[in-house]
Amino acid sequence: MTLAWRRVLRALHLETSSSKTPKTCPSLSRAFWTSVTKLGLHTKPSMPPCDFTPERYQSLAYSRVLEIHEQHLSPVPTAYFPTPLLLSQGHMEWLFDYEGNRYLDFFSGIVTVSVGHCHPKVNAAAQKQIGRLWHTSTVFFHPPIHEYAEKLSALLPEPLKVIFLVNSGSEANDLAMLMARAHSNNTDIISFRGAYHGCSPYTLGLTNVGLFKMELSSGMGCQSTMCPDVFRGPWGGSHCRDSPVQTIRKCSCAPGCCQAKDQYIEQFKDTLSTSVAKSIAGFFAEPIQGVNGVVQYPKGFLKEAFELVRERGGVCIADEVQTGFGRLGSHFWGFQTHDVLPDIVTMAKGIGNGFPMAAVVTTPEIAKSLARRLHHFNTFGGNPMACAIGSAVIEVIKEENLQENSQEVGTYMLLKFAKLRDEFEIIGDVRGKGLMVGIEMVKDKASHQPLPCEEVNQIHQDCKCMGLLIGRGGIFSQTFRIAPSMCITKPEVDFAVEVFRSALIQHMERRAK
């Protein structure tokens, strides 16, 4: 069903049996819900209708799932919420749990489900290919890989036309590091503090979030530099960001001039002068930092930083794992919003709408440098299933105008959340572009001190109990990350904003007591 037709259904406000609001969370007390009721009707937003009815859950009992997880799966605590959510089915922007409760998914599997859960066209492409041929590896040819390469290369500017297909973002960045070093014949690679570029042994050196750092050595030859964060960093003003919403900081910069950008460039120069060799391999940057809480840089910063890197013999790598494929609205790729042309682009997540797929795209010159030094091979990269799905994703983005939808609905959403920043002292910043939004929670606007984690956890839980799923980010897990599938509509944004506002009111009531 197309996005336009789904909007017609919503306008008619069709009700179905699956449009019920999730049941009260068992971990919350009756007194809590009494408190909610006292706050008024605005605290219980009406969930928009959904034209889909999930199947009845007939799999493992919840208690058995918990037992198996504890006994046989990784002990690293990655699940959200004290009582983890057990999902059963998904449809476009909606998720359903094992009890049939419906949730509006505003995090899309960590910024991964680009066109909607189980999109009909993507499903059909997968089903068609699974009945034809699952796997070949690159020692044989099969048309889907070539069809996909042609479609993807058409979306990138010259000379970014050579594609290496892999399976995950970490793997893509791993290969990009190798390419940079093979081409430059240098070792040192720079990345921002707060950056997340993967969790493989190699990319852990690029990732600069404490949670993902080890006491053991890993990722040798990587150096961090100051993140030009115009909200939490030392410099920033009211005109820095390429966003409809600016930081509440004021500045005296004239149009076209950014003192914050100049200050952060001086810090970047300092890194080049003190922390790396005279010649370097490269510089990695996310166009907008994802895991760090949707952090945006001053306009013009990346352009100047890229020039400095190239002066040192390095290549510039844009990590589009979260920002690519139209999510930012104004452009298809995040690097285009900075008016830069990278030497290497990495991509994953939204490329396959949840199917394990990733790519590294570079120039013929850099590709040949790698080929001269390494017989690069990947058993599963570019497998027929991934390529058929990837092609369908590109077609859906174009046919349903999802990049344009990201721009229109994303701007609408940013401005709505910005009004909450004006209303609540504990919202320090609202930022982002298109359908990639960060809401940073603070003790108060004056101090910028992060809101304690236990308080952020409760707000997060309250949103879930009212039917809204959002993500977390930031060095202190103090930022809510909002990145729904690109099929999202304005009525669903209205619901999400009302749920978030209700959760904040509940939090302020708890504080007052």
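Just so it is clear, the model here is predicted, and its values are computed rather than measured.

K.L.:
Could you clarify how one ought to interpret the pattern of salt bridges in this entry?
P.N.:
A side chain with one charge may pair with a side chain of the opposite charge, provided their charged atoms come close. Under the counting rule described, the total for this entry stands at 20 salt bridges. A salt bridge links E67 to R64, with the shortest nitrogen-to-oxygen separation between them at 2.9 Å. Here R64 and E67 lie together in helix α3 (residues 62-72), a separation of three residues that amounts to about one turn. A residue is classified by how much of its surface remains accessible, and R64, at 36% relative accessible area, is partly exposed.

K.L.:
What am I meant to see in the packing of aromatic side chains here?
P.N.:
Aromatic ring pairs: the centre-centre distance and the angle between the two ring planes describe each pair. Scanning the entire structure with this criterion turns up 18 aromatic pairs. Taking the centre distance of 5.9 Å and the plane angle of 70° together, the rings of Y57 and Y98 count as edge-to-face. Taken together, the residues span a long stretch of sequence, with Y57 in the loop between α2 (30-39) and α3 and Y98 in the loop between β2 (94-97) and β3 (102-105) at a distance of 41 residues. When its relative accessible area of 28% is taken as the criterion, Y98 is described as partly exposed. With centroids separated by 5.1 Å and ring planes inclined at 75°, the aromatic side chains of W235 and Y264 adopt a geometry described as edge-to-face. With a gap of 29 residues between them, W235 in the loop between β6 (222-225) and α8 (259-274) and Y264 in helix α8 connect regions that are remote in the sequence. In this structure W235 comes out as partly exposed when scored by relative accessible area, which is 24%. Ring-pair connections join several aromatic residues into one group, and the members of that group are F192, F268, F283, Y297, F301 and F306. In this structure, K490 packs its charged tip against the face of Y412, placed 5.2 Å from the ring centre.

K.L.:
Help me out: how do you make sense of a nonpolar patch on the surface in this one?
P.N.:
Together, V139, F140 and F377 line one region of the surface with nonpolar side chains, adding up to about 330 Å² of accessible area. F140 gets classed as exposed once you look at its relative accessible area, which sits at 58%.

K.L.:
When you look at the sheet that holds strand β15 (residues 479-482) in this model, what are you seeing that I'm missing?
P.N.:
Sheet strands associate in pairs through backbone hydrogen bonding, adopting either a parallel or an antiparallel arrangement. Taking strand neighbours across the sheet as the criterion, the four strands line up as β11-β12-β15-β14 in an open arrangement whose pairing is antiparallel. The two strands at the open ends of the sheet, each matched to only one other strand, are β11 (427-433) and β14 (471-473). Each adjacent strand pair in this sheet contributes to an overall mean axis angle of 25°, direction not counted. Pairing of strand β12 (residues 436-441) with β15 involves four bridges; the strand directions are antiparallel. Across the sheet, G438 pairs through a bridge with R481, a residue of β15. Packed on one face of the sheet, helix α12 (residues 402-423) meets β11, β12 and β15 and runs near 170° to β11. Seen against the sheet, helix α13 (residues 453-465) touches β12, β14 and β15 and runs at an angle of roughly 160° to β14.

K.L.:
It is not clear to me how the sheet that holds strand β4 (residues 162-166) should be interpreted in this structure. Could you clarify?
P.N.:
Overall, mixed pairing links the seven strands, which are arranged β4-β10-β9-β8-β7-β5-β6 in an open sheet. Unpaired on one side and paired on the other, β4 and β6 mark the two borders of the sheet. Between one strand axis and the next, the sheet turns by 20° as a mean value, whatever way the strands run. Sheet analysis places strand β5 (residues 189-192) next to strand β7 (residues 282-285), joined by two bridges and oriented parallel. Of the residues in β7, the one forming a bridge with I190 is F283. Along the sheet face, helix α7 (residues 169-184) touches β4, β5, β6, β7, β8 (315-319), β9 (344-347) and β10 (358-362) and points at about 25° away from the line of β10.

About the cut-offs
Residues numbered from 1 in each chain as written. Predicted model: local features only at pLDDT ≥ 70, side-chain atom pairs only at ≥ 80, totals over all residues. Heavy atoms only, no water. Salt bridge = Lys/Arg side-chain N within 4 Å of Asp/Glu carboxyl O. Helix = DSSP H or I, 4+ residues; strand = E, 2+ residues; numbered from the N terminus. Buried < 20%, exposed > 50% of the residue type's maximum accessible area, 1.4 Å probe, protein only. Phe/Tyr/Trp six-rings, centres within 6.5 Å; stacked < 30°, edge-to-face > 60°. Lys NZ or Arg CZ within 6 Å of the ring centre and 35° of its normal. Patch = residues over 30% accessible without salt bridge, like charges linked within 9 Å, V, L, I, M, F, W, Y side chains within 5 Å. Areas by Shrake-Rupley, 256 points an atom, 1.4 Å probe, with all protein chains shown as cover. Pairing = 2+ DSSP bridges. Axes fitted to C-alpha atoms, helices over the stretch in contact; angles between N-to-C directions. Contact = heavy atoms within 4.5 Å.

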